[in-house]
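# Analysis of the macromolecular model
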Amino acid sequence: GDGHGTHVAGTMVAIGNNGIGVVGVTSNASMPLHIGKGLGDDGFGSNSGVLAAMESCVQSGAKVINMSLGGPDASGAVEEFLTKLENDGTDVLIVAAAGNGGDASYSFPASYDSPLVMSVAAVDINGERAPFSQYNDQVDIAAPGVGVKSTVA
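First, a word on what this report is: a plain description of the structure on this page.

Reading the values: rules and limits
Residues numbered from 1 in each chain as written. Predicted model: local features only at pLDDT ≥ 70, side-chain atom pairs only at ≥ 80, totals over all residues. Heavy atoms only, no water. Helix = DSSP H or I, 4+ residues; strand = E, 2+ residues; numbered from the N terminus. Buried < 20%, exposed > 50% of the residue type's maximum accessible area, 1.4 Å probe, protein only. Contact = heavy atoms within 4.5 Å. Polar contact = N/O pair within 3.5 Å; in protein donor to acceptor, adjacent residues only side chain to side chain. Axes fitted to C-alpha atoms, helices over the stretch in contact; angles between N-to-C directions. Parallel < 35°, antiparallel > 145°, perpendicular 65-115°, else oblique. Left-handed = near helix turned anticlockwise from the far one by under 90°. Nonpolar A, V, L, I, M, F, W, Y, C, P; charged D, E, K, R; others polar.

Structurally, Ser 105 is set in the loop between β2 (93-97) and β3 (117-123). Taking relative accessible area as the criterion, Ser 105 reaches 34% and is therefore assigned partly exposed. The spatial distance from the C-alpha of Ser 105 to the C-alpha of Pro 72 is 8.0 Å, given a sequence separation of 33 residues. Non-local contacts of Ser 105, meaning those with residues more than four positions away in its chain, are made with Gln 134 and Asn 136. There is a polar contact of 2.6 Å between the side chain of Ser 105 and the side chain of Asp 103.

By secondary structure assignment, the location of Gln 138 is in the loop between β3 and β4 (139-144). Overall, the relative accessible area of 18% leaves Gln 138 in the buried class. At 3.2 Å, the side chain of Gln 138 forms a polar contact with the backbone oxygen of Ser 111. Separated by 3.3 Å, the side chain of Gln 138 and the backbone oxygen of Tyr 112 make a polar contact.

Turning our eyes to something else, we now look at the packing of helix α2 (residues 47-59) against helix α3 (residues 76-88). When two helices pack together, their arrangement is captured by the angle between the axes and the distance separating the axes. Relative orientation of the contacting elements α2 and α3 amounts to 20°, with a least axis distance of 10 Å. As judged from the angle between their axes, α2 and α3 are roughly parallel. For α2 against α3, the interelement crossing comes out left-handed. On α3, the residues that touch Asn 47, Leu 51, Met 54, Glu 55 and Val 58 of α2 are Ala 77, Val 78, Phe 81, Leu 82 and Leu 85. Residues of the contact of α2 with α3, tallied by class, amount to 8 nonpolar, 1 polar and 1 charged.

Put into C-alpha coordinates, the structure is as follows:
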(Lines give C-alpha, C1' and ligand atoms only; values in the text may rest on other atoms or scores of the structure.)
Protein backbone atom coordinates (compact mmCIF):
# COMPACT_ATOMS: atom_id res chain seq x y z
CA GLY A 1 0.00 0.00 0.00
CA ASP A 2 0.84 3.67 0.10
CA GLY A 3 1.51 3.89 3.81
CA HIS A 4 4.26 5.03 6.09
CA GLY A 5 7.09 3.44 4.08
CA THR A 6 5.93 5.28 0.97
CA HIS A 7 5.78 8.50 3.02
CA VAL A 8 9.39 8.01 4.18
CA ALA A 9 10.60 7.16 0.67
CA GLY A 10 8.93 10.33 -0.61
CA THR A 11 10.66 12.37 2.07
CA MET A 12 13.97 10.96 0.90
CA VAL A 13 13.73 11.03 -2.89
CA ALA A 14 10.80 13.18 -4.03
CA ILE A 15 11.87 14.83 -7.28
CA GLY A 16 12.13 18.62 -7.08
CA ASN A 17 11.15 21.37 -9.50
CA ASN A 18 8.38 19.35 -11.11
CA GLY A 19 5.41 21.24 -9.64
CA ILE A 20 4.20 18.15 -7.77
CA GLY A 21 4.30 17.68 -4.01
CA VAL A 22 7.44 18.28 -1.98
CA VAL A 23 11.17 18.16 -2.63
CA GLY A 24 12.98 15.23 -1.03
CA VAL A 25 16.31 15.13 0.73
CA THR A 26 17.88 14.04 -2.56
CA SER A 27 15.85 16.32 -4.81
CA ASN A 28 17.15 14.80 -8.03
CA ALA A 29 16.09 11.30 -6.92
CA SER A 30 19.57 9.89 -7.46
CA MET A 31 19.33 7.65 -4.39
CA PRO A 32 18.55 4.08 -5.47
CA LEU A 33 15.89 2.40 -3.35
CA HIS A 34 15.29 -1.25 -2.65
CA ILE A 35 11.93 -1.91 -1.02
CA GLY A 36 11.98 -4.76 1.48
CA LYS A 37 8.47 -4.96 2.88
CA GLY A 38 8.46 -6.54 6.34
CA LEU A 39 4.86 -5.82 7.32
CA GLY A 40 1.50 -6.23 5.66
CA ASP A 41 -0.59 -3.32 4.38
CA ASP A 42 -2.38 -3.39 7.73
CA GLY A 43 0.88 -2.50 9.51
CA PHE A 44 1.19 -5.85 11.25
CA GLY A 45 3.68 -8.63 10.77
CA SER A 46 6.20 -10.88 12.44
CA ASN A 47 9.87 -10.84 13.37
CA SER A 48 10.46 -13.39 10.61
CA GLY A 49 8.89 -11.06 8.03
CA VAL A 50 11.01 -8.15 9.25
CA LEU A 51 14.13 -10.33 9.18
CA ALA A 52 13.36 -11.43 5.61
CA ALA A 53 13.05 -7.78 4.56
CA MET A 54 16.36 -6.93 6.25
CA GLU A 55 18.09 -9.85 4.55
CA SER A 56 16.67 -8.82 1.19
CA CYS A 57 17.96 -5.26 1.62
CA VAL A 58 21.45 -6.42 2.64
CA GLN A 59 21.60 -8.91 -0.24
CA SER A 60 20.68 -6.12 -2.68
CA GLY A 61 23.62 -4.06 -1.41
CA ALA A 62 21.74 -1.52 0.72
CA LYS A 63 23.98 0.76 2.78
CA VAL A 64 21.07 2.20 4.79
CA ILE A 65 17.95 0.33 5.82
CA ASN A 66 15.01 2.37 7.09
CA MET A 67 12.85 0.50 9.57
CA SER A 68 9.98 2.76 10.59
CA LEU A 69 8.46 -0.05 12.55
CA GLY A 70 8.83 -1.80 15.83
CA GLY A 71 7.43 -4.05 18.45
CA PRO A 72 8.03 -5.07 22.06
CA ASP A 73 9.61 -8.44 21.37
CA ALA A 74 13.26 -9.02 20.52
CA SER A 75 14.08 -11.86 18.15
CA GLY A 76 17.03 -14.18 18.62
CA ALA A 77 17.15 -14.69 14.85
CA VAL A 78 17.38 -10.95 14.20
CA GLU A 79 20.05 -10.58 16.89
CA GLU A 80 22.06 -13.39 15.27
CA PHE A 81 21.68 -11.71 11.87
CA LEU A 82 22.96 -8.40 13.26
CA THR A 83 25.91 -10.14 14.93
CA LYS A 84 26.77 -11.89 11.66
CA LEU A 85 26.64 -8.60 9.76
CA GLU A 86 28.89 -6.98 12.33
CA ASN A 87 31.36 -9.89 12.38
CA ASP A 88 31.46 -9.95 8.56
CA GLY A 89 32.18 -6.22 8.46
CA THR A 90 29.04 -5.54 6.43
CA ASP A 91 28.79 -1.84 5.60
CA VAL A 92 25.17 -1.12 6.52
CA LEU A 93 23.30 1.18 8.89
CA ILE A 94 19.87 0.20 10.14
CA VAL A 95 17.84 3.26 11.09
CA ALA A 96 14.88 2.25 13.23
CA ALA A 97 12.03 4.05 14.97
CA ALA A 98 12.46 4.19 18.75
CA GLY A 99 8.76 3.40 19.07
CA ASN A 100 5.38 5.04 19.47
CA GLY A 101 4.48 4.02 23.04
CA GLY A 102 5.33 7.38 24.60
CA ASP A 103 7.31 5.73 27.37
CA ALA A 104 10.76 4.35 28.19
CA SER A 105 10.08 0.78 27.07
CA TYR A 106 12.20 -0.87 24.39
CA SER A 107 11.00 -1.36 20.85
CA PHE A 108 12.72 -3.64 18.36
CA PRO A 109 14.60 -3.44 16.03
CA ALA A 110 15.59 0.01 17.40
CA SER A 111 16.64 -1.34 20.79
CA TYR A 112 18.99 -4.10 19.67
CA ASP A 113 22.38 -3.47 21.22
CA SER A 114 24.26 -3.33 17.92
CA PRO A 115 26.53 -0.66 16.45
CA LEU A 116 24.72 -1.24 13.16
CA VAL A 117 21.39 0.01 14.56
CA MET A 118 20.51 3.67 15.06
CA SER A 119 17.44 4.27 17.22
CA VAL A 120 15.54 7.43 16.28
CA ALA A 121 13.07 9.18 18.57
CA ALA A 122 10.60 11.78 17.29
CA VAL A 123 10.44 15.49 18.03
CA ASP A 124 7.84 18.10 17.14
CA ILE A 125 8.24 21.42 15.33
CA ASN A 126 9.65 22.99 18.53
CA GLY A 127 12.29 20.29 18.99
CA GLU A 128 10.39 18.82 21.95
CA ARG A 129 9.92 15.08 22.31
CA ALA A 130 6.74 14.06 20.54
CA PRO A 131 4.23 12.75 23.10
CA PHE A 132 4.06 9.37 21.36
CA SER A 133 7.83 8.89 21.01
CA GLN A 134 9.61 6.33 23.13
CA TYR A 135 12.66 7.41 25.08
CA ASN A 136 15.24 5.07 26.59
CA ASP A 137 18.97 4.43 26.78
CA GLN A 138 19.02 2.94 23.26
CA VAL A 139 17.91 6.17 21.52
CA ASP A 140 20.77 7.60 19.46
CA ILE A 141 19.15 10.63 17.86
CA ALA A 142 15.86 12.48 17.51
CA ALA A 143 14.38 13.76 14.27
CA PRO A 144 11.20 15.48 13.11
CA GLY A 145 8.31 13.07 13.47
CA VAL A 146 5.22 15.28 13.62
CA GLY A 147 3.66 16.97 10.61
CA VAL A 148 6.39 15.93 8.16
CA LYS A 149 5.28 16.60 4.60
CA SER A 150 5.92 14.06 1.88
CA THR A 151 4.54 12.85 -1.42
CA VAL A 152 1.65 11.18 0.42
CA ALA A 153 -0.54 12.56 3.21
